[in-house]
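Given next are the chains, with one letter for each unit.
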Amino acid sequence: MIIDGKKISQQILLEVKEETEKLNRERNIVPGLAFLIVGENPASLSYVKSKGKACDEMGFFSVTEKLPPETSETQLLRLIEQFNKAKRIHGILVQLPLPKHINEEKIIEAIDFRKDVDGFHPINVGKLVAGQKCFLPCTPSGIYELLLRSNIETSGKHVVVVGRSNIVGKPIANILLQKQSGNAIVTIVHTGAKDISHFTKQADILIVAIGKPNFLTKEMVKQHAVVIDVGINRVEDLSAKTGYKIVGDVDFENVKNAASAITPVPGGVGPMTIAMLMKNTLLSAMGEIYK
Ligand code: GUN
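Parameters and conventions
- Residues numbered from 1 in each chain as written.
- Predicted model: local features only at pLDDT ≥ 70, side-chain atom pairs only at ≥ 80, totals over all residues.
- Heavy atoms only, no water.
- Helix = DSSP H or I, 4+ residues; strand = E, 2+ residues; numbered from the N terminus.
- Expected span 1.5 Å × (residues − 1).
- Buried < 20%, exposed > 50% of the residue type's maximum accessible area, 1.4 Å probe, protein only.
- Contact = heavy atoms within 4.5 Å.
- Polar contact = N/O pair within 3.5 Å; in protein donor to acceptor, adjacent residues only side chain to side chain.
- Phe/Tyr/Trp six-rings, centres within 6.5 Å; stacked < 30°, edge-to-face > 60°.
- Lys NZ or Arg CZ within 6 Å of the ring centre and 35° of its normal.
- Lys, Arg positive; Asp, Glu negative; His and termini not counted.
- Salt bridge = Lys/Arg side-chain N within 4 Å of Asp/Glu carboxyl O.
- Axes fitted to C-alpha atoms, helices over the stretch in contact; angles between N-to-C directions.
- Parallel < 35°, antiparallel > 145°, perpendicular 65-115°, else oblique.
- Left-handed = near helix turned anticlockwise from the far one by under 90°.
- Nonpolar A, V, L, I, M, F, W, Y, C, P; charged D, E, K, R; others polar.
- Core = buried A, V, L, I, M, F, W, Y, C linked by side-chain atoms within 4.5 Å.
- Pairing = 2+ DSSP bridges.

Draft legend 1. Highlighting helix α1 (residues 5–27). Between the first and last C-alpha of α1 there are 32 Å, a value that for 23 residues agrees with the 33 Å anticipated at 1.5 Å per step. Every buried residue of α1 is accounted for by Gly5, Ile8, Ser9, Ile12, Leu13, Val16, Thr20 and Leu23. If you follow the buried residues of α1, they end up packed against α2 (42–58), α6 (138–149) and α10 (270–286). Structurally, the start of α1 carries an N-cap: the backbone nitrogen of Lys6 is 3.2 Å from a side-chain oxygen of Asp4. Just beyond α1, the residue with positive phi is Asn28, at close to 55°.

Structure below.
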């Protein structure tokens, strides 16, 4: 089975749009999302553009602050403070990575955790680990939704996560570990392992978020495992108009016959991230996570 992230994300967006209309009708609330982007990283610019477009389609209010690469930490902190106070804004997203002269941790901590729709603030991270209600980071919650809506059982299954990033590896491991959302047996493996394949071969569900193009091959996968590819890697492709193509962390053609279910790239996890961002912003506007 090929897991169609595009289709599942469209279903979620439809649900968000309907809920947004209802919120507007019944409580006169329009969800509002603020984007802050510093510098000209092409991938970041393209992500923020897509997220802004999704806001328009949902009927959200959105503001994008495109700041020059030399923007100071103080300037960025001031803008965050304004959005923290703004009544119309229910979500604040600072696109990462930030330029080197800006302290990422300090910026994330400056965001009001009640508007942290990215789920990166230490209060939300801590609540996730403690099993409390909080904003879940968008890519991991998108992966969880993909599994749920594809009827893939996680309870009692051995999930192996490849990669330990704060954005994907650590949070998806914690989501699937919780009794109420996953109840899986979770292993996290990373570049520190002498033999990564020793661990990946034991997985019923393999989640690969290591940022290396075509890293995972069929020799590393147990027969009939579920394979979730979180990679978005730009590799040179002279036949493409742009000069590059996007590939995942999984060698899809090589692995697809060994797997019982697999996500493609593009069209797998990628579109889920934006859908979950829209959902988090809606939940924030509804006061569903924090009053
Ligand atoms: N950079 C890569 N992924 C993300 C994300 O989900 N949110 C933000 N803010 N930056 C990112």
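Let us keep going from here.
Draft legend 2. Region of interest: the packing of aromatic side chains. Going through the model one piece at a time under the given rule, you end up with 2 aromatic pairs. Ring centres of Phe113 and Tyr290 lie 5.0 Å apart, and the angle between their planes is 85°; on these two criteria the pair is classed as edge-to-face. Here Phe113 is found in the loop between α4 (104–110) and α5 (122–130), whereas its partner Tyr290 is found in the segment after α10, with 177 residues between them in sequence. Judged by relative accessible area, which is 15%, Tyr290 ranks as buried. Centroid distance Phe135 to Tyr290: 5.7 Å. Interplanar angle 65°. Geometry classified as edge-to-face. Of this pair, Phe135 sits in the loop between α5 and α6 while Tyr290 sits in the segment after α10, and the two are 155 residues apart along the sequence. Counting every residue linked through ring pairs, the aromatic cluster contains Phe113, Phe135 and Tyr290. The ring of Phe61 carries Arg88 above its face, with NZ or CZ at 3.6 Å from the centroid.

Draft legend 3. Expanded view of the side chain of Lys51. Structurally, Lys51 is set in helix α2. Among buried charged residues, Lys51 stands out as having no salt bridge; its nearest opposite-charge side chain is Asp118, 5.5 Å away. Leaving out residues up to four positions away in the same chain, Lys51 has contacts with Phe35, Leu93, Gln95, Ile274, Leu277 and Met278.

Draft legend 4. Structural view of the packing of α6 against helix α7 (residues 169–177). Look at α6 against α7: their axes get within 8 Å of each other, and the N-to-C directions meet at 40°. Compared by their axis directions, α6 and α7 come out oblique. Note on packing geometry: the crossing formed by α6 with α7 is right-handed. Residue-level inspection shows Pro140, Ser141, Ile143, Tyr144 and Leu147 of α6 in contact with α7, the latter providing Pro171, Ile172, Ile175 and Leu176. Along the lines of polarity and charge, the residues of the contact of α6 with α7 split into 8 nonpolar, 1 polar and no charged.

Draft legend 5. Geometry of the nonpolar core. If you look at the biggest cluster of nonpolar residues, it comprises 52 residues, and the most contacted ones within it are Ile143, Ile207, Ile228 and Met278. Broken down by element, the residue count for this core peaks at 8 residues, all from α10. Ignoring anything within four residues of it in the chain, the contact list for Ile143 reads Val168, Ile172, Ile207, Ile228, Val230 and Val269. Residues Ala34, Leu76, Ile92 and Ile107 belong to the second largest nonpolar core, which totals 18 residues.

Draft legend 6. Inspection of the environment of Val265 at higher detail. Relative to the helices and strands, Val265 resides in the loop between β10 (261–262) and α10. According to the relative accessible area criterion, Val265 is partly exposed, its value standing at 25%. The residues contacting Val265, other than those within four sequence positions of it, are Asp229, Gly231, Ile246, Val247 and Gly248.

Draft legend 7. Molecular detail of the sheet that holds strand β5 (residues 185–189). Sheet architecture is open: 5 strands sit in the order β5-β4-β6-β7-β10, paired in parallel fashion. Of all strands in the sheet, those with a lone pairing partner are β5 and β10, marking the two edges. The sheet contact formed by strand β4 (residues 158–162) and strand β6 (residues 205–208) spans 4 bridges and is parallel. Opposite Val162, over in β6, you have Val208 as the bridge partner. The strands touched by α7 within the sheet are β4, β5 and β6, with β5 carrying the most contacts at an inclination of about 170°.

Function cannot be read off these values alone, since they describe shape.
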